[in-house]
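The primary structure of each chain is shown beneath.
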Amino acid sequence: MSKQKKTLLLSIVFLVIMIILTYLPVAILTVYSFTESKTIGVWNGFSFELYKELFTDDEILTALKNTLIIGLSASALAVVLGTLAAIGIHSMKKAPRMVMESINQITMVNADIVTAIGFMLLFLFVIFIPNDYASLIIAHTVICTPYVIMSVLPRLSQLNPNVYEAGLDLGATPVRALFSIILPQLIPAVIAGFALAFTISLDDFTISTFVSSSVETIPRFLYNKLKVKGVMPVLRALSVFIMAAVFVVLIVINFFSMRTERKKQQIEKNLGGAK
Amino acid sequence: MKKVFKAFFEKFRREKAERPLSETANTQPSVEIHPLKKSERIIEVQGLTKVFDGVTVIDNMNLAIKKGEFVTLLGPSGCGKTTLLRIIAGFETPTEGQVFLENVNVTDVPPYRRPVNTVFQRYALFPHLNVFKNIAYGLKIKKIDKKVIAEKVNAALKMVDLEGYGHRDVSSLSGGQQQRVAIARALVCEPKVLLLDEPLGALDLKMRKDMQEELMAMHKRLGITFLYVTHDQEEALTMSDTVVVINDGVIQQIGTPKKIYDEPANAFVADFIGESNIISGVMLKDFCVRFLGQDFECVDKGFAKNEKVDLVIRPEDIKVYPEGDEKGQLVGKVLSSIFKGTFYQMEILANEYQFTVQSTKESKEGDTVSIGVKPDGIHIMKKLRSTNTFYGKVTGEDTVEFCGTEFTFNNVDGIEAGTDVEISVDFDAVSLNDDETDGDLGGNVSQTLYKGKYYQVQVYTDTDEDFFTDTVDDWDINDRIGIKIDHSKIVVKRLENEE
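S.K.: Can you help me understand the overall build of chain B in this one?
M.R.: Each helix and strand counted, chain B has 10 helices and 30 strands in total. For chain B, buried positions account for 52% of its 499 residues. Residue pairs at least 24 apart in sequence account for 67% of intrachain contacts in chain B once pairs closer than 6 positions are excluded. Surface exposure of chain B reaches about 23300 Å², of which carbon and sulfur atoms provide 47%.

Below you can see the structure in the form of C-alpha cells.
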C-alpha cells in the first residue's frame, strides 16, 4: 500500500514539474501582460493598460484584421475541400486510401520553409495572382486542408456504414443521403477541423512571409516589430490574446468530440453490449 | 430458447400423430420456381452469382418468393444469405444473374428506386434525428404533405407501441425500442417487401422472444412479404412460412419449417437444423436400409439398389428399452445422461456409433440398453457425393494430369496422350496425411462433417479444386495437409463430346 502511494506521489511530482516547465514561459508572459513595466521582471502594479493599447493601436488592429480575414476564409475553404476529400478518401479501397492518407500527411509533416519556397516560386513564375490577400488565402487553404481531412476521416470511419444505405433504402438519392445523413453527423468533426485549420493559419509565419510582402498578419507584425524596436510591452498582451484565442478553440474541439463520443456510446450501450 | 424450440417440435409431433400416415409422406407446397404462378411471385432471382475478390459468395442461385409469405434465409455466417438480401435491396450488384421484383427486372435499379425497405442488423437509425424525424425520413423524400406525414408517423409509432416517443432522441432508446423505430421507419414507406437482416441479433433472449411474436403478428396483420435473414435455426423454424437453407452460396433446401425438419434434403440441412444423428448407410431395396451393420425398415423408396445414402435420425425418434427387450434393434451402452427439464439427453454408444438420444425416461450412465427406431423415424437423404470428379489431360502411356499434378493410372482403354479426360476418384481412394510431403498434392481443410464413425472432409487444393473424402479422424479447418490418392483406383474416361 505504502509503495503504491509512493509511486503515485512520485508520478504526481513528475507531472507537476513537467507542467511547470512547459507552461512557465507562457505563464510569465501572461502575468507580465497585466503590468505596464518596460521589461519583464519589473512589476509596476496591476493594470489593463497594455490590453487597452493593443486594441487601440492601428497597426495591430490592421494585422489582426488581416489575420482574421485570411484565417477565416482559408479555414472555410479548407473545411469544404477537406470534408469532401475525406468522404472521397473514405470510400476508396484500402490500397489507394493508404496512398491518399500518406499524401495528406506529407503536407503536414513537410518543413514549412520548403512549402513556403514552393509557393513563392509558384506565384512568381507559374501563376500570377494580382491580389496578395488571394494568394495568401490560397496558400493557407493548402496548408489547412490536410488538418480538416485528418479531423473528419476518423469520424467517418466511426459512422455506421448502414446509415448511408438506410437513407438510400428509404428513397434518398446518393447526393441527398450525403447532405441529409452523412454531413449532419460530421458537423462536430467539421467544426473541430475548422478550429484546427484556423489555429494553423493564425500561427503561420514562414509561408505568409514568402508569399506576400505587403499583407501583414499578426505573426509577421510581431516579428517585424521585434526586429526594429525590440520587445515592446504591448506584444506581451498580444501574445496572451492569441494564446487565449487558441485556448478557446481547443475547448470547442474537445467539447464537440466528447459530446458525439458520449452520444455514440449511449446508443451502443442501449443496444446491449453486442458488437 | 431451447424451451420454445422444444414446444415447437412438440407441436410438430402432435400434428404428425393426429394425421394418418399416408398424409405425412405428402410433400408440403414448397417455394420453387415452377409451382409458383407468375402473379404470385414477388421476388425472383435467376442465375444469381456474386463474387467478392475472387471468392464466390453466391453461386448460380435461383429462388422465387411468394407474395405475402414470411420467408427466412437461414444458414451459417458467411453462407451468402446477407449478400443475397443486399442484392435484393440493391446495395450490391450481382456478378451474374437477374433480380425481379413483381416480375420486373430490377437488377440495375438503384436501391432508392426499389419498392422494398430494409431493417438493418444494427438498425442504422439516424443518430442526428429524433424518433419522429427518423420515421418521417422516407415520407419526406416522397414530398408528402406535412399533415399526412404526421398522421402516418403517429400511426406507425402506435403500431410499434411507441406512442409519445416521437420527440425522443434515438440515443435515449433501449435496444428493443431502437429496433421498433427501425421497423416503423421501414414500414411507414409501405414497401412491397420488408427485408430484415438479423434484426433480433442485438437483443437479449427475452426481448428476442417478444419481438419474434410481435414480428409474426405484424406480418399477419399487414399482409406484406417479409424476407428475413438469420443464422438462428430456432428463429427460422418458429417464425417462417418458408425456410430457405443456404450453405456456401448454394440453396440446400426450400420448404416449410416442418418439411425442413422432418425431411432434410441432405446431411448439411439435417446437421444444421436441430440435433440429429447422421449416419451413412446403403439402400438395399425400397423400404429397407442397412447401416451400422444391420438392416432397418424405413419409409423411403426410389433409390438405386445398393445406393450409398446418408440418413438422419432425430434424437427424440430413438426409443430406449431395457436390456434384452425384443423391441430394440441395437444394443448400446449409455455414456452420459443429462436432465434437460422435460427430457433426458443421453449419449448411447451402439455398434461404434455414438447416438444422441432424448427420452423422458432416464437410463443411468454405464447401463446397457436396447435402442430402436420406428421406420418413419429414419429419414433417408441422397449422399451429396461419393466420388470426386476432375478434368485433366492424359500426358503419357499411363500418366494423367489433373489438379496440377501427374498421376500414373491403369490405361485399360488405351487413351492416347493429349486427350482431355474426366477423372473420377472415389472417396475411399483418397487418404489424408498430416505432412504435406507424404501426399501427392497439398491442400487446406475447408470443411468437416461428422457422419457417424467417420468424418466427411473437404480439402481445397492450390489449383482451386475440392477433394472430398471420408476419414475416421477429425481434421482442423484450415490445416495444411497432404492428399494421397491410390493410383490404382483412378478412373479415367474420355470426355463425352470428344467421342
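S.K.: Any chance you could explain the environment of Gly 332 of chain B here in plain terms?
M.R.: All names here are of chain B. If you trace the backbone, Gly 332 turns up in strand S16 (residues 330-339). As a C-alpha pair, Gly 332 and Asp 367 span 35 residues in sequence and 8.4 Å in three-dimensional space. Residue contacts for Gly 332: discarding those within four places in its chain leaves Ile 348, Leu 349, Ala 350, Asp 367, Thr 368 and Val 369.

S.K.: Would you explain the pattern of salt bridges in this entry?
M.R.: Pairs can form between side chains of opposite charge whenever their charged atoms are close. Inspection of every chain in the model, using the stated rule, returns 20 salt bridges over all chains. Here Arg 86 of chain B ties to Glu 92 of chain B by a salt bridge, and the two come within 3.0 Å at their closest N and O atoms. Under the relative-accessibility criterion, Glu 92 of chain B is labelled buried at 17%. Put simply, Glu 165 of chain A together with Arg 86 and Glu 92 of chain B are held in one network by salt bridges that share partners.

S.K.: Is there a simple way to think about the sheet that holds S16 of chain B in this case?
M.R.: One key point about sheets: their strands pair by backbone hydrogen bonds, in either a parallel or an antiparallel sense. Residues and elements named next belong to chain B. If you trace the five strands from one edge of the open sheet to the other, you get S15-S19-S16-S17-S18, paired in antiparallel fashion. Of all strands in the sheet, those with a lone pairing partner are strand S15 (318-322) and strand S18 (353-359), marking the two edges. Direction aside, the axes of adjacent strands within the sheet are offset by 45 degrees on average. Here S15 pairs with strand S19 (residues 368-373) via five bridges, running antiparallel. Residue pairing for S19: Tyr 321 is matched across the bridge by Ser 370.

S.K.: Sorry, what's going on with the sheet that holds strand S4 (residues 96-101) of chain B here?
M.R.: All names here are of chain B. Reading across from one edge, S2-S1-S4-S5 is the order of the four strands in this open sheet, with antiparallel pairing throughout. Taken across any chain shown, the strands that pair with only one partner, and hence form the sheet edges, are strand S2 (55-66) and strand S5 (104-105). With respect to the sheet, helix H3 (residues 81-89) is in contact with strand S1 (41-52), S2 and S4, its orientation differing from that of S1 by roughly 120 degrees.

S.K.: What exactly am I supposed to notice about the pairing of strand S23 (residues 405-408) of chain B here?
M.R.: The two faces of the sheet receive side chains in turn, since in a regular strand these alternate between them. Residue and element names in this part refer to chain B. Burial along S23 is one-sided: Thr 405 and Phe 407 are buried, and none of Glu 406 and Thr 408, which face the opposite way, are. With four bridges joining them, strand S22 (residues 399-402) and S23 adopt antiparallel strand pairing. Its bridge partner being in S23, Phe 402 is matched across the sheet by Thr 405. Joining the antiparallel neighbours S22 and S23 is a turn of two residues, in which Cys 403 adopts a positive phi near 55 degrees.

S.K.: Help me out: how do you make sense of the packing of aromatic side chains in this one?
M.R.: Each aromatic ring pair is specified by the distance between its two centres and by the angle formed by the two planes. All chains considered together, the criterion is met by 21 aromatic pairs over all chains. Aromatic pair Phe 390 of chain B and Phe 402 of chain B: ring centres 5.4 Å apart, planes at 20 degrees, arrangement stacked. You can see Phe 390 of chain B sitting in strand S21 (residues 387-394) and its partner Phe 402 of chain B sitting in strand S22, a full 12 residues away along the chain. For the pair Phe 390 of chain B and Phe 402 of chain B, a shared accessibility class is recorded, and that class is buried. Through successive ring pairs, a cluster of aromatic residues spans Phe 34, Phe 46, Phe 48 and Tyr 51 of chain A. Note that Arg 185 of chain B overlies the ring of Phe 126 of chain B, its terminal NZ or CZ placed 4.5 Å from the centroid. Above the plane of the ring of Tyr 261 of chain B lies Arg 314 of chain B, whose end atom (NZ or CZ) is 4.1 Å from the centre.

S.K.: How should the packing of helix H3 (residues 58-90) of chain A against helix H6 (residues 132-158) of chain A be read in this particular structure?
M.R.: When two helices pack together, you describe them by how their axes are tilted relative to each other and by the distance separating the axes. Residues and elements named next belong to chain A. In contact at an axis separation of 5 Å, H3 and H6 are set at 40 degrees when each is read in the N-to-C sense. The angle between the axes of H3 and H6 places the two elements in the oblique class. At the point where H3 passes H6, the crossing takes the right-handed sense. Across the contact of H3 with H6, the residue classes break down as 20 nonpolar, nine polar and no charged.

Calculation criteria
- All residue numbers refer to position in the chain's written sequence, counted from 1.
- As a convention, the first chain written is A and the first ligand written is 1, with the rest following in written order.
- Residue-level local features of this predicted model are given only where pLDDT is at least 70; pairs of side-chain atoms are given and counted only at 80 or more, and the full residue set underlies all totals for whole chains, interfaces and linings.
- Excluding hydrogens and water, the side-chain figures rest on all heavy atoms present in the structure.
- A helix here means a DSSP run of H or I that spans at least four residues, while a strand means a run of E at least two residues long, and both kinds are numbered starting from the N terminus.
- Here's how the labels work: a residue is buried when its accessible area is under 20% of the maximum for its type, exposed when over 50%, partly exposed in between, all with a 1.4 Å probe on protein chains only.
- Residue contacts are defined here by distance: any two heavy atoms, one from each residue, within 4.5 Å place the two residues in contact.
- With residues, only the protein chains shown are counted as cover, and all accessible areas are computed by Shrake-Rupley using a 1.4 Å probe.
- Think of a salt bridge as a Lys or Arg side-chain nitrogen and an Asp or Glu carboxyl oxygen that are within 4 Å of each other.
- Strands are treated as partners if at least two bridges between them are detected by DSSP.
- Axis definition: a line fitted to C-alpha atoms, over the contacting stretch in the case of helices. Angles run 0 to 180 degrees between N-to-C directions.
- Pairing of aromatic rings covers Phe, Tyr and Trp, the last through its six-membered ring, and needs centres within 6.5 Å; plane angles under 30 degrees mean stacked, over 60 mean edge-to-face, and all others mean tilted.
- In our convention, an over-ring charge means Lys NZ or Arg CZ found within 6 Å of a ring centre and within 35 degrees of that ring's normal.
- Every angle not falling under 35 degrees, over 145, or within 65 to 115 is termed oblique; those three ranges are roughly parallel, roughly antiparallel and roughly perpendicular.
- Crossing handedness is defined as follows: a turn of the near helix away from the far one that is anticlockwise and smaller than a right angle gives a left-handed crossing, while the clockwise case is right-handed.
- Three categories are distinguished: nonpolar for Ala, Val, Leu, Ile, Met, Phe, Trp, Tyr, Cys and Pro, charged for Asp, Glu, Lys and Arg, and polar for the others, with Gly belonging to the last.

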